[in-house]
Amino acid sequence: GENVEQHPSTLSVQEGDSAVIKCTYSDSASNYFPWYKQELGKRPQLIIDIRSNVGEKKDQRIAVTLNKTAKHFSLHITETQPEDSAVYFCAASKGSSYKLIFGSGTRLLVRP
Amino acid sequence: GAVVSQHPSRVICKSGTSVKIECRSLDFQATTMFWYRQFPKQSLMLMATSNEGSKATYEQGVEKDKFLINHASLTLSTLTVTSAHPEDSSFYICSARRLSGGESYNEQFFGPGTRLTVL
């Protein structure tokens, strides 16, 4: 089955700097790649997603890139703010089952 | 739109009892609902996929007789943890996928989670 690996596990950046989180997936049939932000004790919140027919997607300070050949995708957050501090999860799914397989998570700390 | 609720938000029970958790899509019909378990500082692990009117599909290693899932309607799925033990203590989260998604057909909408503590 699908396996998603995520790096780094923790990331500390200075406010205003950029943060990059990377994920790789194993199933070449996966075609949907969402990113979630989760605060302690809360539900995961979708922040951006990308489908396999697109290489890059941007929404204000957040962008995601997808390399289907290498089977990896990345989350880029620019001009980080303290409120960006949370745990971020990548995930992958394919259209036949729509199951989401999550990465292990990245704890992002933005220092004021 | 696309709101998913869970009830209860928190439950504490004694070892050996059963606990039922409800997951409802409030403003849309959900063709599929998913149940996840999340231990502290860990990722979300998919437990099972639930389709309305049919038996749930469980992930490898998840005991179907212990985690009973019922999906009686397009807006309600329930997870019953039978004979709960302390090792079942966890954060249980459901999600729902729209019946007619359009551009968002892949997207899953998450409930707020249920924190289960088994004494």
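**Q** Would you mind showing me how to read the overall build of chain B here?
**A** Scanning chain B for helices and strands turns up zero helices and eleven strands. The C-alpha atoms of chain B give a radius of gyration of 14 Å, which matches the 14 Å a tight globule of 119 residues would have. Within chain B, the proportion of its 119 residues that are buried is 52%. Approximately 5,800 Å² of chain B is accessible, and the part contributed by carbon and sulfur atoms is 50%. Charge centroids of chain B, computed over 12 positive and 10 negative side chains, lie 6 Å from each other.

**Q** Looking at this structure, how should I read the nonpolar core?
**A** Soluble globular proteins tend to pack their nonpolar side chains together in the buried interior. Residues and elements named next belong to chain B. With 26 residues, the main nonpolar core has Val4, Phe28, Trp35, Phe67, Leu79, Tyr92 and Leu116 as its most contacted residues. When residues of this core are traced back to their parent elements, those giving at least two are strand E2 (10-13), strand E3 (19-25), strand E4 (30-38), strand E5 (45-51), strand E7 (67-73), strand E8 (76-81), strand E9 (90-98) and strand E11 (114-118). Aside from chain neighbours lying at most four places away, what touches leucine 79 is Val19, Lys20, Ile21, Trp35, Phe67, Leu68, Ile69 and Tyr92.

**Q** Would you mind going over the interface of chain B and chain A with me for this structure?
**A** Reports of interface size often rely on the accessible area that becomes lost once the parts have come together. Taken together, the contacts link 24 residues of chain B with 20 residues of chain A. Approximately 1,800 Å² of surface area, both sides summed, lies buried where chain B meets chain A, with 53% of it carried by carbon and sulfur atoms. The tally of links from chain B across to chain A stands at one salt bridge. The tally of links between chain B and chain A comes to six residue pairs in polar contact (both at pLDDT 80 or more). Elements that contribute at least two residues to the side of chain B that touches chain A include exactly E4, E5, E9 and strand E10 (108-110) of chain B.

**Q** How should I be thinking about the sheet that holds strand E1 (residues 4-7) of chain B in this particular structure?
**A** Across a sheet, paired strands are connected by hydrogen bonds in the backbone, their directions being either parallel or antiparallel. Residue and element names in this part refer to chain B. Taken together, four strands build an open sheet; the order of strands is E1-E3-E8-E7 and the sheet is antiparallel. Of all strands in the sheet, those bounded by a partner on one side alone are E1 and E7. For this sheet, the mean inter-axis angle between neighbouring strands, taken without regard to orientation, is 15 degrees. Bridge analysis of E1 against E3 gives four bridges, and the strand direction is antiparallel. Residue glutamine 6 lies in a different strand from E3, and its bridge partner there is cysteine 23.

The rules behind these values
Residues numbered from 1 in each chain as written. Chains lettered and ligands numbered in written order. Predicted model: local features only at pLDDT ≥ 70, side-chain atom pairs only at ≥ 80, totals over all residues. Heavy atoms only, no water. Helix = DSSP H or I, 4+ residues; strand = E, 2+ residues; numbered from the N terminus. Rg over C-alpha atoms; globule rule 2.2 N^0.38 Å. Buried < 20%, exposed > 50% of the residue type's maximum accessible area, 1.4 Å probe, protein only. Areas by Shrake-Rupley, 256 points an atom, 1.4 Å probe, with all protein chains shown as cover. Lys, Arg positive; Asp, Glu negative; His and termini not counted. Charge placed at Lys NZ, Arg CZ, Asp CG, Glu CD. Core = buried A, V, L, I, M, F, W, Y, C linked by side-chain atoms within 4.5 Å. Contact = heavy atoms within 4.5 Å. Buried area = accessible area lost by both parts, 1.4 Å probe. Salt bridge = Lys/Arg side-chain N within 4 Å of Asp/Glu carboxyl O. Polar contact = N/O pair within 3.5 Å; in protein donor to acceptor, adjacent residues only side chain to side chain. Pairing = 2+ DSSP bridges. Axes fitted to C-alpha atoms, helices over the stretch in contact; angles between N-to-C directions.

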